[in-house]
Amino acid sequence: LLDHTGRRRRMADFHGQWVLLYFGFTRCPDICPEELEKLCGAVGRLERDPALPPVQPLFVTLDPRRDDAAAMARYIRDFHPRLLGLTGSPEEVEAAAHAYRVYSHAGPPDEAGDYVVDHSIAIYLLGPDGLLLDYYGRSKTEEQIVQSVRQHMQTYKPLPD
Amino acid sequence: AVKMSAPTMEERKACWGARDEFWRCLDRHGDDGSKCEKLRLAFESRCPQQWVKHFDKRRDFLKYKKKLETEGYHPPEAAGKS
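About the criteria used
- Residues numbered from 1 in each chain as written.
- Chains lettered and ligands numbered in written order.
- Predicted model: local features only at pLDDT ≥ 70, side-chain atom pairs only at ≥ 80, totals over all residues.
- Heavy atoms only, no water.
- UniProt positions renumbered as here; feature names shortened; annotations may be inferred.
- Contact = heavy atoms within 4.5 Å.
- Buried area = accessible area lost by both parts, 1.4 Å probe.
- Salt bridge = Lys/Arg side-chain N within 4 Å of Asp/Glu carboxyl O.
- Polar contact = N/O pair within 3.5 Å; in protein donor to acceptor, adjacent residues only side chain to side chain.
- Helix = DSSP H or I, 4+ residues; strand = E, 2+ residues; numbered from the N terminus.
- Nonpolar A, V, L, I, M, F, W, Y, C, P; charged D, E, K, R; others polar.
- 1 Å grid on protein atoms, 1.4 Å probe; cavity = no way out; pocket = protein on both sides within 12 Å on 5 of 7 lines; lining within 4 Å.
- Points joined across faces, edges and corners; volume = space filled by probe spheres on them.

As annotated in an unreviewed UniProt entry, chain B carries the name COA6 factor and comes from Syrrhaptes paradoxus. The heading Subcellular location (unreviewed entry) in the UniProt record of chain B holds the text "Mitochondrion".

As named in an unreviewed UniProt entry, chain A is SCO2 protein, taken from Syrrhaptes paradoxus. Annotation of chain A in UniProt includes, under Sequence similarities (unreviewed entry), the sentence "Belongs to the SCO1/2 family." Recorded in UniProt for chain A, the comment headed Subcellular location (unreviewed entry) runs: "Mitochondrion inner membrane".

So, in structure tokens, the structure goes:
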């Protein structure tokens, strides 16, 4: 996928790092900003513990037709300095969404051409091996996510070589 | 496709604020929309049309959920009862 600076990124680029990943779109009425606040809030809280490795926050769009790199760059500014926005061609985005079993469906456009994208809601935790370790739905609080990530970091065992 | 910029954080908050004011008015007047027309217009002017639709549906859902929680679930009567 392309990040918000236009640079090509692959999931392999994030191996070795802990990642919190969310799929949404920038014209989302309320859920995406709330989930991103929660995700980035958790990242910020974890950052303040010097004993823990940093977590990379990622936001992937499910609306690549409107959310180009520039739109992603504008959107992510409000959340966390290290939040990376990712977009790409419809095929690339669909492949990424498929890899994480994300459901999404663009609604019908209105007279202004605007539409909302209905989508499943989850924050995914990926470990340094790139494997999905956990996921957090709408009902999970920032505190619960912080505790869960901390727990995963403590019990993490790298895959054997 | 027409490129439309997403609302900024300030614009989102202004929209949510207008929505919340409108909903508080509805709460005060037992959902009588005629008592809240000014706030309805303010809400519609501050939010994209798609978001107005989304929040209208959200309000319906929240009311339904409250009803289920307080009154319990009553299945609708079947059209042809045996």
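A. Quick look at the interface of chain A and chain B. The interface of chain A with chain B comprises 23 residues on the first partner and 17 residues on the second. When chain A packs against chain B, close to 1800 Å² is buried across both sides, 51% of that on carbon and sulfur atoms. Taken as a group, A:R27, A:P29 and A:D30 account for 32% of the area that chain A buries against chain B, more than any other trio of residues on that side. Viewed at the interface, chain B and chain A are joined by two salt bridges. Between A:D78 and B:R12 there is a salt bridge; the shortest N-O distance is 3.7 Å. In this assembly, chain A and chain B are joined by eight residue pairs in polar contact (both at pLDDT 80 or more). When residues of the side of chain A that touches chain B are traced back to their parent elements, those giving at least two are α1 (31-47) and α2 (69-76) of chain A. Residues that form the side of chain A that touches chain B fall into these classes: 10 nonpolar, two polar and 11 charged.

B. Representation of the layout of surface pockets within the structure. By volume, the largest pocket amounts to about 400 Å³. Lining the largest pocket are 17 residues, and of these A:V116, A:V117, A:D118, B:H54 and B:K57 lie nearest its centre. Taken together, the elements giving at least two residues each to the lining of the largest pocket come down to β6 (117-119) of chain A together with α3 (49-71) of chain B. Top contributing element to the lining of the largest pocket by residue count: α3(B), with five residues. Within the lining of the largest pocket, the residues separate by chemical class into eight nonpolar, four polar and five charged. Roughly 290 Å³ of internal volume is contained in the second largest pocket. Lining the second largest pocket are 15 residues; nearest its centre among them are A:L62, A:P64, A:P90, A:V93 and A:S104. Mapped onto the lining of the second largest pocket, the elements with two or more residues apiece are α3 (90-99) and β5 (104-106) of chain A.

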